[in-house]
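# Structural overview
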Amino acid sequence: MNNQTNCNAVQDEVNINELLAKYDRESDYRRFGGWGKWVVALIAISFSVFQIWTAMFGVLDAHIQRAVHLSFAMALVFLLYPSRKSWSRENLHWLDGLLAIVAAAAPLYIVVFYNDLVLRAGMATLPDMILGGLGVLLVLEAARRVVGWPIIIVACCFIAYAFAGPYIPGTFAHRGVQLELLIEHLYFTTEGIFGIPLGVSSTFIFLFILFAAYLEKTGLGKFFIDLANAIAGWARGGPAKVAVISSGLMGTVSGSSVANVAGTGSLTIPMMKKLGYRPEFAGAVEAAASTGGQLMPPIMGAAAFLMADFVGVPYIHIVKAAVIPALLFYTGVMICVHLEAKKEGLQGIPRKQLPKLGKLLLERGHLAIPLIAIVYLLVTGKTPMRAALWGIALAILASMLRSSTRISLRDIIKGLEDGARSALGVVVACATAGIIIGVVTKTGLGLKLASALIVLAHGQLLPTLFLTMITSILLGMGVPTTANYVITSTIAAPAIIQLGVPILAAHMFVFYFGIIADITPPVALAAFAGSGIARSDPLMTGVNASKIAIAAFLVPYIFVLSPAMLMINTTPVDVLMIIVTSVIGMIGIAAAVSAYFVTRAYWPERLLFFVGGLLMIDPNITTDLLGLALLSIAFVIQKLRDRHHKPSRQSSSAAM
């Protein structure tokens with residue numbers, strides 16, 4: 001029996017790895033044996049130790065810190081990710097070995113000749129140009145391997161624009177940038193590859209990724225799933241609600257929609273299917289909930305840390321602003337799940353088959369101490385870097401409190417390796433995004449695009465928001481959230497800000513839609529990963545995920561129109577009113593999407609639910625009263641029809 005269980009566990013792990021490799025490029029890496037394994041481990045552990053050391057004893061000069069950070073990442077990328085899909089995932093190709101050495105050396109050129117480069121700033125030599133040009137090309141190649149072609153195409157279009165300026169007619173014309181000046185700007189200043197995105201990555205983003213790696217080592221993911229089962233597994237449609245809660249909790253620390261789907265979905269999706277949920281719906285629930293994890297404080301996606309730097313506010317302000325929108329997102333998902341369960345007559349899991357909440361908290365509740373500590377440290381004014389350091393230490397120490405959760409010295413060292421591996425996609429995406437920012441700052445393209453966007457929308461806010469949403473979603477279909485946010489915040493957010501929207505609301509708007517791209521067809525990677533586990537139609541799973549996550553498409557418009565939702569210039573009473581009315585509104589919208597509330601809803605009722613819900617979400621007394629009236633009408637119609645049908649159902653039962 002034990003052998004069979006072990007075989008099943010191994011097979012499940014193999015299936016998850018295959019699924020991740022298919023939909024998440026970062027998971028399709030070489031798994032070395034022998035000396036190769038030890039070389040990669042040594043580099044990865046050294047990478048993590050460097051980051052921890054500089055965080056503890058002082059970050060180096062910005063350019064040097066970022067260059068060493070990129071050097072480590074580039075070496076690992078070229079060792080772990082083969083140039084071609086057909087190349088072995090077990091043995092290193094000689095070309096990748098050579099490129100790994102060159103790619104690591106190119107950023108270190110800045111470290112070795114730093115003083116000389118500073119003294120001759122603006123007067124680059126031929127060796128500078130060769131190393132700089134090679135460095136740019138290697139960053140693009142690393143991005144192709146880890147992230148994919150879409151971000152390369154976007155970056156290359158920007159580079160082409162830098163050269164083509166004199167030949168472009170109209171608004172977007174500029175004087176053009178010479179090759180030497182462009183290379184110097186992109187590689188030897190802190191406005192290109194080594195700009196703000198890589199700067200944030202080289203400080204606290206890496207540490208938070210390392211923190212997440214240690215949380216995984218302690219078994220926090222399994223604790224979250226068991227906790228969700230204890231809280232909601234017994235309720236109507238329990239397994240789906242477990243998926244929502246556990247994926248939301250895991251998403252706060254994983255930062256990857258696809259990885260979250262593969263991790264928690266391998267447990268929750270089969271449970272949902274067994275209960276009676278349609279495969280397309282089961283996969284969609286997991287995809288929507290996992291994607292929303294990047295929106296859920298206290299630890300959101302990597303782009304949230306960039307936002308704090310771009311907007312110029314402490315990270316805790318981003319956390320506070322994200323609370324109400326995230327709660328609304330998960331409220332909408334949970335209500336959709338509940339109404340689907342009611343519509344299909346699905347019940348929960350018997351309580352005797354579920355873990356006991358009290359016992360669970362007693363045995364493993366201490367694993368959540370690091371997360372609680374992170375929130376406390378951020379609230380009390382500690383920097384994200386300092387909070388992450390304490391979080392890593394507390395994750396290790398908390399695991400030691402009970403023998404059943406204690407991690408070994410080997411696990412601690414392995415955590416250093418896993419954290420470095422997990423950071424590679426973010427590092428490369430940030431470096432590539434730096435190329436785009438570099439071109440924008442060198443050519444003034446940002447203001448030109450913002451002005452063009454406003455002209456295209458005839459100076460109206462809602463059309464500008466709609467065009468920005470489409471841009472963010474399209475970019476998000478192939479560009480990671482981090483790079484997506486960098487691009488849209490550079491190009492689209494200024495247009496929204498010019499129309500009078502607060503800077504934080506504008507940046508949060510593009511951040512939201514960049515994330516939601518993971519569940520928006522036709523390229524909905526999180527939904528496709530969910531469909532792979534559920535064995536469902538990928539496109540229909542994406543459509544269902546978009547319907548379940550309807551709140552994510554609506555809430556950004558609301559907080560742009562009413563920034564009080566982001567706790568900007570508001571009071572506790574206003575916040576409470578916003579929460580109450582918005583939750584009621586989400587119930588109405590979920591009823592419209594699910595076509596069910598008290599009983600099945602027809603189109604006129606669904607329209608009443610949808611419009612009433614929209615009006616309730618907009619925090620305004622007039623719209624609230626009107627929305628409440630429409631929802632009440634729809635509710636009364638539902639109750640009357642249900643009461644009318646009940647005698648018919650009872651008569652049919654008696655006759656049988």
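Okay, so let's go over this structure. (Residues numbered from 1 in each chain as written. Predicted model: local features only at pLDDT ≥ 70, side-chain atom pairs only at ≥ 80, totals over all residues. Heavy atoms only, no water.)

## Quick notes on the nonpolar core
- Membership of the largest hydrophobic core comes to 211 residues, with the highest contact counts inside it found for Met 508, Phe 509 and Phe 511.
- A per-element tally of this core places helix α15 (residues 315–344) first, with 17 residues. (Core = buried A, V, L, I, M, F, W, Y, C linked by side-chain atoms within 4.5 Å. Buried < 20%, exposed > 50% of the residue type's maximum accessible area, 1.4 Å probe, protein only. Helix = DSSP H or I, 4+ residues; strand = E, 2+ residues; numbered from the N terminus.)

## Notes on the packing of helix α14 (residues 302–311) against helix α24 (residues 503–516)
- The geometry of α14 relative to α24 is characterised by a closest axis approach of 11 Å and an angle of 155° between their N-to-C directions. In terms of axis orientation, α14 runs roughly antiparallel to α24. You can see that α14 and α24 cross each other, and the crossing is right-handed. Each of Ala 303, Ala 304, Met 307, Phe 310 and Val 311 in α14 lies in contact with α24, whose residues at this interface are Ile 503, Leu 504, His 507, Met 508 and Phe 511.
- Residues that form the contact of α14 with α24 fall into these classes: nine nonpolar, one polar and no charged. (Axes fitted to C-alpha atoms, helices over the stretch in contact; angles between N-to-C directions. Parallel < 35°, antiparallel > 145°, perpendicular 65-115°, else oblique. Left-handed = near helix turned anticlockwise from the far one by under 90°. Contact = heavy atoms within 4.5 Å. Nonpolar A, V, L, I, M, F, W, Y, C, P; charged D, E, K, R; others polar.)

## Side note on unusual backbone geometry
- Look at the link from Pro 297 to Pro 298: it is a cis peptide, with omega at 10°.
- Mapped onto the fold, Pro 298 is located in the loop between α13 (279–292) and α14.
- Backbone geometry places His 458, a non-glycine residue, at a positive phi of 55°.
- Along the chain, the position of His 458 falls in the loop between α20 (445–456) and α21 (461–476).
- Accessibility expressed as a relative area gives 67% for His 458, which makes it exposed.
- Positive phi, normally seen in glycine, also occurs at Asn 569, with a value near 50°.
- By the secondary structure assignment, Asn 569 is in the loop between α27 (550–561) and α28 (572–594).
- Classification of Asn 569 as exposed rests on a relative accessible area of 80%.

## Focus on the pattern of salt bridges
- Under the definition given, this model contains 13 salt bridges.
- Salt-bridge contacts for Glu 141 lead to Arg 144; the nearest nitrogen and oxygen are separated by 2.8 Å. Within this pair, Glu 141 and its partner Arg 144 are both found in helix α6 (residues 126–146), separated by three residues, close to a single helical turn.
- Across the salt bridge formed by Arg 364 and Asp 226, the nearest N and O atoms sit 2.5 Å from each other. Here the residue Arg 364 occupies a position in helix α16 (residues 357–364), and Asp 226 occupies one in helix α10 (residues 220–232), the gap between them amounting to 138 residues. Pair check on accessibility: Arg 364 and Asp 226 agree, each one buried.
- Overlapping salt bridges, with partners in common, bring together Arg 30, Asp 96, Glu 141, Arg 144 and Arg 145 in one network. (Salt bridge = Lys/Arg side-chain N within 4 Å of Asp/Glu carboxyl O.)

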